[in-house]
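Descriptive structure summary
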Amino acid sequence: MKKYTHINDIDDIHSWIEEAKELKKNPLKDLQLGKNKILGLFFFNSSLRTRLSTQKAAFNLGMNPIVMNVSGDAWGIEFGDGTIMNGTTAEHIKEAAAVVSQYCDIIAVRAFPTLTDKEKDESEQVLESFVKFASVPIISMESATSHPLQGFTDALTISEFSTKKKPKVVLSWAPHIKALPHAVGNSFVEAMQKMEVEFVIANPEGYDLNPEITKDTRIFHNQEEAFKDADFVYAKNWSSYEDYGKVLKTHSDWMITKNKIGTAKFMHCLPVRRNVVVEDAVLDSDSSIAIAQANNRTFAAQLVLKKILKQWV
Ligand code: CP
């Protein structure tokens, strides 16, 4: 595998899930595979899980990770073509990516959207510039429009916790105080479309995700109706796609409660704001599998790294 920047880079999600489960049984089995290989992790935005689980995955494969907070610690990077660089940016991505490619065997990048410029965000300027100007494989650790490591993690977690051949999975919008990206929601939709699940989305009117991604997935604007007979409820906030990046209305009545989810398992990518997105009674109960879900971030990243490393065997 040459890159992992989108859920569509997964050729067969069922075999990937089986491989991840095997890898999880013996995580140090491939300790020699990444020997003397450097993984560079470049963060334009904050992270807890991605930052630590991707490093742990690298250590499990014998790799050496290097981490950089680009926004705080590096020279300001210019992405525009032909820009007269007399402003705040000191280095062009053409040089930065070429130089970093000499230090790292694999580059992983996190770069969130502006949420003000839909066209720019959908062009994935930062991630695609790394793909274009680096000479080594690129992994997305969440880009403007997708979070493929999270999406695969979520598919793996549902497979592990499902007691049915075809469980019902609901992706539910939930309230938040800030305008958030669509990336997690998008990748979860794309992952579920590859799985043998009954999958529906619940969100208030005005919050439909990109129709090119949701395609013919059923969208409910009534949460109670969507939650009927659910086996998994995955909560996530996102800002409006149609009125791009805006918080239209708080909709606090969309908070996930124990009463609403019944016997369904609760999932969230984390971090989560308690008693805004979901009430304590859910997170503190056996219904929540969010911690096990976060643990799977390591094995999702490890499988991706393993598949990329195999090209050098
Ligand atoms: N779920 C997730 O990507 O978490 P972090 O933002 O903490 O990395």
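Residues numbered from 1 in each chain as written. Predicted model: local features only at pLDDT ≥ 70, side-chain atom pairs only at ≥ 80, totals over all residues. Heavy atoms only, no water.

Attention now moves to the site of the ligand. The ligand sits among Ser47, Leu48, Arg49, Thr50, Arg110, His147, Gln150, Cys269, Leu270 and Arg297. One nitrogen or oxygen atom from the side chain of arginine 110 is found 2.9 Å from an oxygen atom belonging to the ligand. Bound to the protein, the ligand loses 93% of the 260 Å² it would expose on its own. Both of domain 1 (7–146 + 296–311) and domain 2 (148–293) provide at least three residues apiece to the shell around the ligand. (Near = heavy atom within 4 Å. Polar contact = N/O pair within 3.5 Å; in protein donor to acceptor, adjacent residues only side chain to side chain. Areas by Shrake-Rupley, 256 points an atom, 1.4 Å probe, with all protein chains shown as cover. Domains from an automatic or database assignment.)

Taken in spatial order, the five strands line up as 1-7-6-2-3 in an open sheet, and their pairing is parallel. Of all strands in the sheet, those with a lone pairing partner are strand 1 (3–4) and strand 3 (64–69), marking the two edges. For strand 2 (residues 38–43) and strand 6 (residues 106–110), the ladder comprises five bridges, and the chain directions are parallel. Bridging from a neighbouring strand, leucine 39 pairs with isoleucine 106 of strand 6. (Pairing = 2+ DSSP bridges. Helix = DSSP H or I, 4+ residues; strand = E, 2+ residues; numbered from the N terminus.)

Attention shifts here to the environment of glycine 185. For glycine 185, the location among the structural elements is in helix 8 (residues 183–192). You can call glycine 185 buried: its relative accessible area is 2%. It is 13 Å that separates the C-alpha atoms of glycine 185 and leucine 270, two residues lying 85 residues apart in sequence. Discounting residues that sit within four places of it in the chain, glycine 185 has contacts with Leu171 and Leu209. (Buried < 20%, exposed > 50% of the residue type's maximum accessible area, 1.4 Å probe, protein only. Contact = heavy atoms within 4.5 Å.)

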